[in-house]
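Chain by chain, the residues run as shown.
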Amino acid sequence: MGGLAKRLGVLDIFCIAVGTMMSSGIFILPGLAYAKAGPAVVVSYFLAGCLMTSAALSTIELVSAMPKAGADYFFIARAMGPAVGTVVGLLSWFALTLKSAFALVGVWAFTEKFFPFDTRLLVVAVAVFFTVVNLWGTKGSSLLQTVFVLVLLGLMSSYVLKGFSDVHVHYFVPFAPQGWNAVVSTAGFVFVSYGGLLQITALAEEVKNPSRTIPLGLLSAVSATILIYCLMILVTCGVLDPGTLIHSLTPISDAARVFMGRPGEIALTVAAMVAFLTTANGGLLSASRYLVSLSRDELLPTFFGRVHAKKQTSMPAVLITGAFLIGFFFLSLESLVKTASMVVLLTQALASACVVILRESRIHNYQPTFRAPLYPWLQLASLGGVVLLLAEIGMQTLLIGMIFVAAALIFFWFYGRVKQEREYALLHVLERLSARRVVRHALESELKEIIRERDELCLDRFDHIIETAEVIDLSKPCEPEALMEQLQSVLTARGLEGILSLKDLNGESGAVRFVEMFPESRHRSYTCRRRPFV
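Residues numbered from 1 in each chain as written. Predicted model: local features only at pLDDT ≥ 70, side-chain atom pairs only at ≥ 80, totals over all residues. Heavy atoms only, no water.

Caption draft 1: Representation of the overall build of the protein in the model. In terms of regular secondary structure, the protein is built from 21 helices and four strands. Each of the 534 residues in the protein was classed as buried or not, and the buried ones make up 53%. With the model as given, the accessible surface of the protein reaches about 23,600 Å², and the carbon-plus-sulfur share is 65%. (Helix = DSSP H or I, 4+ residues; strand = E, 2+ residues; numbered from the N terminus. Buried < 20%, exposed > 50% of the residue type's maximum accessible area, 1.4 Å probe, protein only. Areas by Shrake-Rupley, 256 points an atom, 1.4 Å probe, with all protein chains shown as cover.)

Written out as structure tokens, the structure reads:
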């Protein structure tokens, strides 16, 4: 199984993240949100963005420590275990694929205005095109995404700059007609507008210099998205008559018609279509990496993780995700899209919890290059915000979500559980609390390898000697003579001739030699790790 190519830079991550976020959340939802909160809907968008930023900070810390494909699945599995990881991995793949399908529905709705025939086959052709581009390689897909996002940001910036002079201040009075409770609850309603940001970390393994690129790319993406959302909502509320805005499903295009005429309406309609296309392409690119990561951990068949030697992309994962994307396009998506929003919230909550678990586990090789500030208050505030938004999401959606969670757990029980028993950080926390040994330090070794790959470190001879050293674990302090007895048995099995003494350990005697039938023992050292007596 080959590795994925490291080809993505800051601009690539920025454009993929922005493109995955900007779609129906800004081009369809503002009218519906305005009906709930009035002009204060701009505050709702800001609050939702702040909550997403808190989750992004925790996620960036985790990804900077473990820049691997399917990143949020990867670090959740290492923090909470393969069962939770399997649920998150499968649900994140499902949510991103579904969000991309919903974006294609948006493309279909807008193309119906321009063509006198059913355009569903045209949209399917677009989905096939994106699948082929992703098969060609990550760089080609990210280049296409960059072009789309730059065009989109240019059109949205023109909308804001031209619209400010036509804003009517009296449209903002009263500012919060439904009260501030409605403003907060509406923040949960529009939270889906930022959905997809955290899932972009699924591409972490394909990022050049992830320690620098991922923090810069994601933080700049969420900051730019919050800014452009709030400015566009501000212009829309100040330009469009409230009675019209409440009933509009295309509020941005309708507002553009007011101060830019028919050409402006067409331009913003094109912007909406470009936004949907970026969401579909970015979602397809990111979702396929979850299948790769699950396959590597033997939680899915190895077929899903195969990487093309020349293109350095996982063709089976992309093909399967593309096929499901087209299939979801023809489904009734309303309830499933709400479930996808719940998955985004669940992933955010688990990311915050993972930071707490990994820090409290005190695993030496958990070495993020970026640390989330205000620990643990930022993580606790993020968890509290998620609970509040989940309370507003509705019982039907929660029930559907629980069904999907149960299905993923059943799959793990009958397939993934028999494949592996992975060590995870929560066991280290339990070991600290119980003072009983429950881990084998396999996670430490895995994280060490990730650090080497991340920082492009090379091992010298001393590193190899240390890594291959025999470890004798002492349960309590002991006298030198007792230590000699334990070392004698180990070294004799390795080919030591004679009796070991303290002079040999101190390098004062040259009498100890190894027989030629054990040549590997010449470069093997022996270390002792002393555990405190409890």
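Caption draft 2: Expanded view of the packing of aromatic side chains. In this structure the tally under the stated criterion is 13 aromatic pairs. When the centroid spacing of 5.1 Å and the interplanar angle of 80° are considered together, the rings of Trp93 and Phe324 count as edge-to-face. Remark: Phe324 occurs in helix α13 (residues 315-329) and Trp93 occurs in helix α6 (residues 82-111); sequence separation between them is 231 residues. Judged by relative accessible area, Trp93 falls into the buried class, the value being 11%. Residues Phe303 and Phe304 carry aromatic rings whose centres are separated by 5.8 Å and whose planes lie at 70° to one another, so their mutual orientation is edge-to-face. Note on Phe303: relative accessible area 39%, which makes it partly exposed. Of the residues examined, Phe304 reaches a relative accessible area of 17% and is grouped as buried. Among the aromatic residues, those joined into a cluster by ring pairs are Trp93, Phe94, Phe324, Phe328 and Phe404. (Phe/Tyr/Trp six-rings, centres within 6.5 Å; stacked < 30°, edge-to-face > 60°.)

Caption draft 3: Seen up close, α13. In this model, α13 (15 residues) spans 21 Å end to end at C-alpha, consistent with the 21 Å of a helix rising 1.5 Å per residue. Pro316, Ala317, Val318, Thr321, Gly322, Leu325, Phe328 and Phe329 are the residues of α13 that are buried. Of the surrounding elements, those touching the buried residues of α13 are α6, α7 (120-136) and α12 (251-296). (Expected span 1.5 Å × (residues − 1). Contact = heavy atoms within 4.5 Å.)

Caption draft 4: Just the environment of Glu61, in detail. For Glu61, the location among the structural elements is in helix α4 (residues 41-65). Spatially, the C-alpha atom of Glu61 lies 5.9 Å from that of Ala372, the residues being 311 residues apart in sequence. For Glu61, the contacting residues outside a window of four places in its chain are Val355, Arg359, Tyr366, Pro368, Phe370, Arg371 and Ala372. A polar contact of 2.8 Å, which involves the side chain of Glu61, links it to the backbone nitrogen of Ala372. (Polar contact = N/O pair within 3.5 Å; in protein donor to acceptor, adjacent residues only side chain to side chain.)

Caption draft 5: Examining the side chain of Thr111 more closely. Its location among the elements puts Thr111 in helix α6. Relative accessible area serves as the criterion here: at 4%, Thr111 is assigned to the buried category. One polar contact links Thr111 to Thr119, side chain to side chain, over a distance of 2.8 Å. With residues near it in sequence (within four places) discarded, Thr111 still touches Thr119 and Met273.

Caption draft 6: Quick look at the packing of α6 against α7. At their nearest, the axes of α6 and α7 sit 9 Å apart, and the two run at 140° to each other. Accordingly, the angle class assigned to the pair α6 and α7 is oblique. Crossing angle aside, the handedness with which α6 passes α7 is right-handed. Between α6, through Leu104, Val107 and Trp108, and α7, the contact on the second element is made entirely by Arg120, Val123 and Ala127. (Axes fitted to C-alpha atoms, helices over the stretch in contact; angles between N-to-C directions. Parallel < 35°, antiparallel > 145°, perpendicular 65-115°, else oblique. Left-handed = near helix turned anticlockwise from the far one by under 90°.)

Caption draft 7: Structural context of helix α16 (residues 395-416). The terminal C-alpha atoms of α16, which comprises 22 residues, lie 30 Å apart, in line with the 32 Å expected from a rise of 1.5 Å per residue. Among the residues of α16, Thr397, Ile400, Gly401, Val405, Ala408, Phe412 and Gly416 are the ones counted as buried. On an axial view of α16, the arc spanned by its buried residues comes to 140°, and they lie on one face. More than 90 degrees from the buried face of α16, the exposed residues found are Met395, Gln396, Leu399, Ile403, Ile410 and Phe414. (Arc of directions from axis to C-beta.)

Caption draft 8: Structural view of the pattern of salt bridges. One pass over the structure, following the stated rule, counts eleven salt bridges. A salt bridge links Glu453 to Lys68; the shortest N-O distance between them is 3.3 Å. In this pair, Glu453 sits in helix α18 (residues 442-455) while Lys68 sits in the loop between α4 and α5 (71-80), placing the two residues 385 residues apart along the sequence. Taking the shortest distance from any N to any O, the salt bridge between Glu449 and Arg452 comes out at 2.7 Å. (Salt bridge = Lys/Arg side-chain N within 4 Å of Asp/Glu carboxyl O.)

Caption draft 9: Structural view of the packing of helix α3 (residues 29-37) against helix α9 (residues 180-190). Interaxial distance between α3 and α9 falls to 9 Å at its minimum, and their mutual angle equals 160°. Judged by the angle between their axes, α3 and α9 are roughly antiparallel. Considering the relative orientation of α3 and α9, their crossing is right-handed. Residues Leu29, Leu32, Ala33, Lys36 and Ala37 of α3 lie in contact with α9, whose contacting residues are Ala182, Val183, Thr186, Phe189 and Val190. For the contact of α3 with α9, the residue count by class is eight nonpolar, one polar and one charged. (Nonpolar A, V, L, I, M, F, W, Y, C, P; charged D, E, K, R; others polar.)

Caption draft 10: Seen up close, the nonpolar core. Judged by nonpolar contacts, the single largest core of 143 residues is most densely connected at Phe27, Leu62, Met66 and Tyr159. Examining the composition of this core, we find that 20 residues originate from one element, α12, more than from any other. For Phe27, the contacting residues outside a window of four places in its chain are Leu152, Met156, Leu249, Thr250, Pro251, Ile252, Leu268, Ala271, Ala272 and Ala275. (Core = buried A, V, L, I, M, F, W, Y, C linked by side-chain atoms within 4.5 Å.)

Caption draft 11: Structural view of unusual backbone geometry. For the bond running from Val173 to Pro174, omega is -5°, close enough to zero to count as cis. Note on placement: Pro174 falls in the loop between α8 (138-163) and α9. Pro376 follows Tyr375 through a cis peptide bond whose omega is -5°. The backbone phi angle of Arg362 is positive, close to 55°, even though this residue is not glycine. As for its position among the elements, Arg362 is in the loop between α14 (334-361) and α15 (377-391). You will see that Leu374, though not glycine, has its phi angle at about 60°, which is positive. Locating Leu374 in the fold gives a position in the loop between α14 and α15.

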